[in-house]
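# Working through the structure, step by step
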Amino acid sequence: GVLQRAEAKNQNGRVYPKEVLMREAKKYSQSFISERRALGELDHPDSSVVNLNNVSHNVLEMAWKGDDLVGTVEVLSTPSGNILKELFKSGIKLGISSRGMGSVKEVMKEGENTLEVQPDFELIAFDFVSNPSTHGAFLSPVNESVNKVVDNKYNNIDRIITDIIREF
């Protein structure tokens with residue numbers, strides 16, 4: 001799903017210039033994703049450091065689709081990861097949000113005051129949140145939906161076989 005979006009005003013009034021986001025995504029991929037340590041937490045903490053006690057997931061890959069930075073996330077079997085899994089199993093719609101540090105500058109963009117993220121921005125992590133600032137940055141589990149389809153298919157076959165046996 002969408003992890004972050006460049007050149008678009010988010011719900012926090014911020015715009016991430018594509019060149020800044022591309023630079024940070026590349027650094028994040030090389031330093032964290034490639035080493036299997038692109039960890040995130042359930043909700044944004046107050047800290048700029050990822051707390052291993054609260055880790056729920058690991059980002060496996062990222063790529064650009066236009067101005068959207070999209071990715072695949074693995075939910076871990078940690079206490080926070082298990083909470084995340086149960087929320088997904090219950091059909092709760094969850095978003096993902098980047099966590100970073102840097103300055104913003106107020107600029108006029110398309111007739112509106114906007115906070116433009118500055119080149120000193122540093123991407124720290126992607127965290128699962130209930131209300132992401134990036135429009136449409138909601139992720140949905142792939143395996144859960146696949147399993148449900150498979151289960152329904154086999155349940156239907158079971159029911160058909162039972163009906164056939166009952167008729168004879």
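Anything mentioned here points back to the structure above.
Just so we're clear, the structure is a prediction, and the values are computed from it rather than from any experiment.

## Some remarks on helix α1 (residues 18-33)
Buried within α1 are the following residues: Val 20, Leu 21, Glu 24, Ala 25, Tyr 28 and Ile 33. On an axial view of α1, the arc spanned by its buried residues comes to 125 degrees, and they lie on one face. Across α1 from its buried face, at more than 90 degrees, point the exposed residues Glu 19 and Lys 26. In the core, the buried residues of α1 are packed alongside β1 (2-5), β3 (39-41), β4 (55-65), β5 (68-75) and β9 (122-129).

## Remarks on the pairing of strand β6 (residues 94-101)
Taken across its eight residues, β6 has six buried, putting it largely inside the fold. As judged from the seven bridges shared by β6 and β9, these two strands associate in the antiparallel manner. Looking at the pairing, Ile 96 lines up with Phe 128 of β9.

## Notes on helix α2 (residues 79-89)
Every buried residue belonging to α2 is among Ser 80, Gly 81, Leu 84 and Phe 88, and all of these are buried. One face of α2 carries all of its buried residues, which in axial projection span an arc of 100 degrees. Count one or two residues on from α2 and you reach Gly 91, which has phi positive near 80 degrees.

## Quick notes on the nonpolar core
Grouped together as the largest cluster of nonpolar side chains are 27 residues, with contacts concentrated most on Leu 3, Tyr 28, Val 59, Met 62, Ile 96, Phe 126 and Phe 128. Of all elements in the fold, only β1, α1, β4, β5, α2, β6 and β9 reach the threshold of two or more residues within this core. Once residues within four sequence positions are removed from consideration, Met 62 is found in contact with Leu 3, Ala 25, Tyr 28, Ser 29, Ile 33, Leu 69, Val 70, Gly 71 and Phe 126.

## Here's the deal with the sheet that holds β4
The strands that make up a sheet pair up through hydrogen bonds in the backbone, lying either parallel or antiparallel. If you trace the four strands from one edge of the open sheet to the other, you get β1-β5-β4-β3, paired in antiparallel fashion. Every other strand in the sheet has two partners, leaving β1 and β3 as the edge strands with one partner each. Strand-to-strand twist in this sheet, taken as the mean axis angle between neighbours without regard to direction, amounts to 40 degrees. As paired strands, β4 and β5 are joined by eight bridges and run antiparallel to one another. Residue pairing across strands places Met 62 opposite Gly 71, the latter belonging to β5. Strands in contact with α1 are β1, β3, β4 and β5; relative to β4, the strand with the most contacts, it is inclined by about 130 degrees. In this fold α2 packs onto β4 and β5, with an angle of close to 65 degrees to the strand it touches most, β4.

Scoring rules and cut-offs
- Residues numbered from 1 in each chain as written.
- Predicted model: local features only at pLDDT ≥ 70, side-chain atom pairs only at ≥ 80, totals over all residues.
- Heavy atoms only, no water.
- Buried < 20%, exposed > 50% of the residue type's maximum accessible area, 1.4 Å probe, protein only.
- Helix = DSSP H or I, 4+ residues; strand = E, 2+ residues; numbered from the N terminus.
- Arc of directions from axis to C-beta.
- Contact = heavy atoms within 4.5 Å.
- Pairing = 2+ DSSP bridges.
- Core = buried A, V, L, I, M, F, W, Y, C linked by side-chain atoms within 4.5 Å.
- Axes fitted to C-alpha atoms, helices over the stretch in contact; angles between N-to-C directions.

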